[in-house]
Amino acid sequence: EAGVTQSPTHLIKTRGQQATLRCSPISGHTSVYWYQQALGLGLQFLLWYDEGEERNRGNFPPRFSGRQFPNYSSELNVNALELEDSALYLCASSLVVGHYTFGSGTRLTVV
Amino acid sequence: AQSVTQLDSQVPVFEEAPVELRCNYSSSVSVYLFWYVQYPNQGLQLLLKYLSGSTLVKGINGFEAEFNKSQTSFHLRKPSVHISDTAEYFCAVARGATGGGNKLTFGTGTQLKVEL
C-alpha cells in the first residue's frame, strides 16, 4: 500500500510569492490534515479537510488556504510569503478516528 | 480543547540504559493518545497509540507507554536504548470518538540523544 505522498520535497520561494504544496493520501482515506513545523515552534495544526470540505482551521492568517479534490488529494496554498513561513509542512491522512499516517513533508524555504 | 505538555526538551542517555519520556495532557473529554518519532529530515512515524482498553500499550522498536487517567499522563518508556533511537519524540492527543474534530494536537517534542 502506498503511503502519503507529498510534493515537492523542497521548495524555494521569494518573499511575496505564492507557494503550492500537494498531498496525496493513502487510497481510501477521506481526511487530510496539514501541519506546519517551524524551527523552535513544534508542530502546529493548519487545516483539516474531509470529504472535500474544510472541517477545522488552526490559528493561521487567511493567506494560508487549501482545498481537497474529489479524489481526496489536497493542496495547501500560501500567498504573500513571509520569511517566517519557512518550515517543514507535513500532511497526514486518515479514514477513521485515531488512525493517522504522515507523509515525509515539503521543506519550504522563503528567501 | 486538548493540550499536551512535554516537560523535557532534551533527554541524554547512555546506550543500553532505560529511558522515560514524559507526556501530560489536558482535556475535558475522552482522548486518544499517541507517540510519534521523527528522524532528521523525515516525517513522523507512529510508535504507539492508546485508543481504549489496556492502559499499557506496546509499540514498535521496543517502546511502550502507559495511560494514566488519574494523572493525565502517557509516558513513553524503553528498557534499553540503542544509538539508533536518537531522534525527536512527539506526544499527541486527539479528541475521542465522541463527535467533533479529531485533529492531532502535539507537544513541543523531546530530543532523545543516545550516547556511547
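Figured I'd write up the structure that's included with this text. (Residues numbered from 1 in each chain as written. Chains lettered and ligands numbered in written order. Predicted model: local features only at pLDDT ≥ 70, side-chain atom pairs only at ≥ 80, totals over all residues. Heavy atoms only, no water.)

### Focus: the packing of aromatic side chains
Describing an aromatic ring pair means giving the distance of the ring centres and the angle of the ring planes.
Stage number 1. Going through the model one piece at a time under the given rule, you end up with 15 aromatic pairs over all chains.
Stage number 2. Seen from their ring centres, Y35(A) and F102(A) are 6.0 Å apart, and the 50° between their planes marks the pair as tilted. Of the two residues, Y35(A) is situated in strand β4 (residues 31-38) and F102(A) in strand β10 (residues 101-102); the sequence distance between them amounts to 67 residues.
Stage number 3. Judged by its relative accessible area of 1%, Y35(A) falls in the buried class.
Stage number 4. Ring geometry for Y35(A) versus F106(B): centroids 5.3 Å apart, planes at 90°, classification edge-to-face. Of this pair, Y35(A) sits in strand β4 while F106(B) sits in strand β11 (residues 105-106), which puts the two residues in different chains.
Stage number 5. Judged by its relative accessible area of 8%, F106(B) is buried. (Phe/Tyr/Trp six-rings, centres within 6.5 Å; stacked < 30°, edge-to-face > 60°. Helix = DSSP H or I, 4+ residues; strand = E, 2+ residues; numbered from the N terminus. Buried < 20%, exposed > 50% of the residue type's maximum accessible area, 1.4 Å probe, protein only.)

### A short note on the interface of chain A and chain B
Stage number 1. Contacts between the two partners involve 17 residues from chain A, matched on the other side by 20 residues from chain B.
Stage number 2. Counting the contacts that link chain A with chain B gives zero salt bridges.
Stage number 3. Between the two partners, chain A and chain B, sit two residue pairs in polar contact (both at pLDDT 80 or more).
Stage number 4. Sorting the residues of the side of chain A that touches chain B by element identifies β4, β5 (42-50) and β9 (87-94) of chain A as the ones contributing at least two each. (Contact = heavy atoms within 4.5 Å. Salt bridge = Lys/Arg side-chain N within 4 Å of Asp/Glu carboxyl O. Polar contact = N/O pair within 3.5 Å; in protein donor to acceptor, adjacent residues only side chain to side chain.)

### A word on the pairing of strand β6 (residues 45-50) of chain B
Stage number 1. The sheet contact formed by strand β5 (residues 31-38) of chain B and β6(B) spans five bridges and is antiparallel. Among the inter-strand pairings, L33(B) is bridged to a residue of β6(B), identified as Y50(B). (Pairing = 2+ DSSP bridges.)

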